[in-house]
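If you want the building blocks of each chain, they are given just below.
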Amino acid sequence: MQIKTIMVIGAGQMGSGIAQVCAANGYDVYMHDLKEEFTQRGMNGIDKNLSRQVKKERMTEDEKQETLNRLRPTTDLDDAVHADIIIEAAVENMEVKCNLFSRLDGIAQEHAILATNTSSLPITEIAASTKRPKQVIGMHFMNPVPVMKLVEIIRGLATTDEVYEAVETLAKNLQKTPVEVNDFPGFVSNRILMPMINEAIFTVYEGVSSPEDIDTVMKLGMNHPMGPLTLADFIGLDTCLYIMETLHEGFGDDKYRPCPLLRKYVKAGWLGKKTGKGFFEYESN
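Since this is a predicted model, take the numbers as computed values, not measurements.

Participant: I keep staring at the nonpolar core and nothing clicks. Help me out?
Facilitator: Grouped burial of nonpolar side chains is what soluble globular proteins tend to show. Within the largest apolar cluster, 36 residues are counted, with the highest numbers of intra-cluster contacts made by Ile6, Ile85 and Met139. It is helix α6 (residues 161-173) that contributes the most residues to this core, 6 residues altogether. Apart from residues no more than four positions distant in its own chain, isoleucine 85 is found in contact with Ile3, Thr5, Ile6, Met7, Ile113, Ala115, Val167 and Leu170. Grouped together as the second largest cluster of nonpolar side chains are 24 residues, Leu77, Ile86, Leu100 and Val181 included.

Rendered as structure tokens:
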């Protein structure tokens, strides 16, 4: 199965990052979002990222222009008919994803693969909303996509070897390192990462230490490049809470119970860097 044309659903930080990496590695890419202002914002972000690469002499101006020329922003979901693979990077909500995959199933070519960039939701359940569950797979990129090398490739219950191999080859062509993962809540990355972040939040909640000192312990004592509370702020505390709730519901084990302080911050609108305040304060953009 040869992949030449890719559609990315979602022009936000993850979607535009995926679209950029695909275009930079020679693929024709449709980048879809609901409104033209969203796709334009995504294109502006990609242009800025590529200009930074030119300034650092990691690519030429011609290479930047060639990459941009391979990108086609669109608000028309019917453009999915042109794609060999569709990578969904929409909001992390099961109902939204299932509705979207059901629609894409009716538009996409018979051979097309439907992939989701979900960070925690079950691939098998998303696949069940289509008539092609064998061609549905998880392709979980890490943020920021142009920088991070890992891609978790998650098989659904029905995903075929041929589809897995095509997506694995695609990930390698994007200069990423693919890791095969089975369909369990949180996969590997978030099943390990989120409970650690949640435990760090409990450590604040119980007054064991300050957020600054907890992050220092993990950076200097465990050699982490970034402390767990800073990382939580960058991920978004609402996203952290959502993933913890997915783990708690999926496993039915109280070791995944979200810390009450995490819930409190989310209810207060303290979501981390994107709102200017979380466990730390940030200058507004």
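Participant: Would you mind going over the packing of aromatic side chains with me for this structure?
Facilitator: The geometry of an aromatic ring pair is captured by two quantities: the separation of the ring centres and the angle between the planes. Under the counting rule described, the total for this entry stands at 5 aromatic pairs. Here phenylalanine 202 and tyrosine 205 contribute two aromatic rings whose centre-to-centre distance is 6.2 Å and whose plane-to-plane angle is 70°, an arrangement assigned as edge-to-face. Of the two residues, phenylalanine 202 and tyrosine 205 are both situated in helix α7 (residues 189-205); the distance of 3 residues between them amounts to about one turn of the helix. Across the ring face of tryptophan 270, the terminal group of lysine 277 is positioned such that the distance to the ring centre comes to 4.4 Å.

Participant: Would you explain a positive patch on the surface in this entry?
Facilitator: The grouping of Lys48, Arg52, Lys56 and Arg58 at the surface amounts to a positive patch. Here arginine 52 lies in helix α2 (residues 36-55). Note on arginine 52: relative accessible area 40%, which makes it partly exposed.

Participant: Looking at this structure, how should I read α6?
Facilitator: It helps to recall that an α-helix has 3.6 residues per turn; residues three or four apart then point in one direction. With 13 residues, α6 should reach 18 Å at 1.5 Å per residue; the first-to-last C-alpha distance of 18 Å fits that figure. All of the buried residues in α6 are Val163, Tyr164, Ala166, Val167, Leu170 and Ala171. End-on, the buried residues of α6 take up no more than an arc of 165°, which puts them together on one face. After α6 finishes, the residue glutamine 175 shows a positive phi value of roughly 65°.

Cut-offs used in this document
- Going along each chain's sequence as written, the residues are numbered from 1 onward.
- Side-chain atom pairs in this predicted model are given and counted only at pLDDT of 80 or more, local residue features only at pLDDT of at least 70, and totals for whole chains, interfaces and linings cover all residues.
- Only hydrogens and water are removed before side-chain values are computed, so all heavy atoms of the structure are retained for them.
- To form a nonpolar core, buried Ala, Val, Leu, Ile, Met, Phe, Trp, Tyr and Cys residues must be joined to one another through side-chain atoms within 4.5 Å.
- The cut-offs for exposure are 20% and 50% of the maximum accessible area for each residue type, with area from a 1.4 Å probe on protein chains only; residues under the lower value are buried, those over the upper are exposed, and the others partly exposed.
- Helix and strand assignments come from DSSP, with helices taken as H or I runs of at least 4 residues and strands as E runs of at least 2, each series counted from the N terminus.
- Contact criterion: two residues are considered in contact whenever any of their non-hydrogen atoms come within 4.5 Å of each other.
- Any pair of Phe, Tyr and Trp rings, taking the six-membered ring for Trp, is counted once the centres come within 6.5 Å. Such a pair is stacked with planes under 30 degrees apart, edge-to-face with planes over 60 apart, and tilted for the rest.
- A ring is scored as having a charge over it whenever the NZ atom of a lysine or the CZ atom of an arginine sits within 6 Å of its centre and within 35 degrees of its normal.
- The residues that make up patches have over 30% relative accessible area and no salt bridge, and they are joined within 9 Å when like-charged or within 5 Å when they are Val, Leu, Ile, Met, Phe, Trp or Tyr.
- Shrake-Rupley sampling with a 1.4 Å probe provides the accessible areas, and residues are treated as covered by the protein chains on show and by no other component.
- A pairing counts as a salt bridge when a side-chain nitrogen of Lys or Arg comes within 4 Å of a carboxyl oxygen of Asp or Glu.
- This count recognises Lys and Arg as positive and Asp and Glu as negative, with His and chain-terminal groups excluded.
- Note on charges: their place is set at NZ of Lys, CZ of Arg, CG of Asp or CD of Glu.
- Expected span of a helix: the number of residues minus one, times 1.5 Å.
- The arc under discussion is defined with respect to the helix axis, by the directions toward the C-beta atoms.

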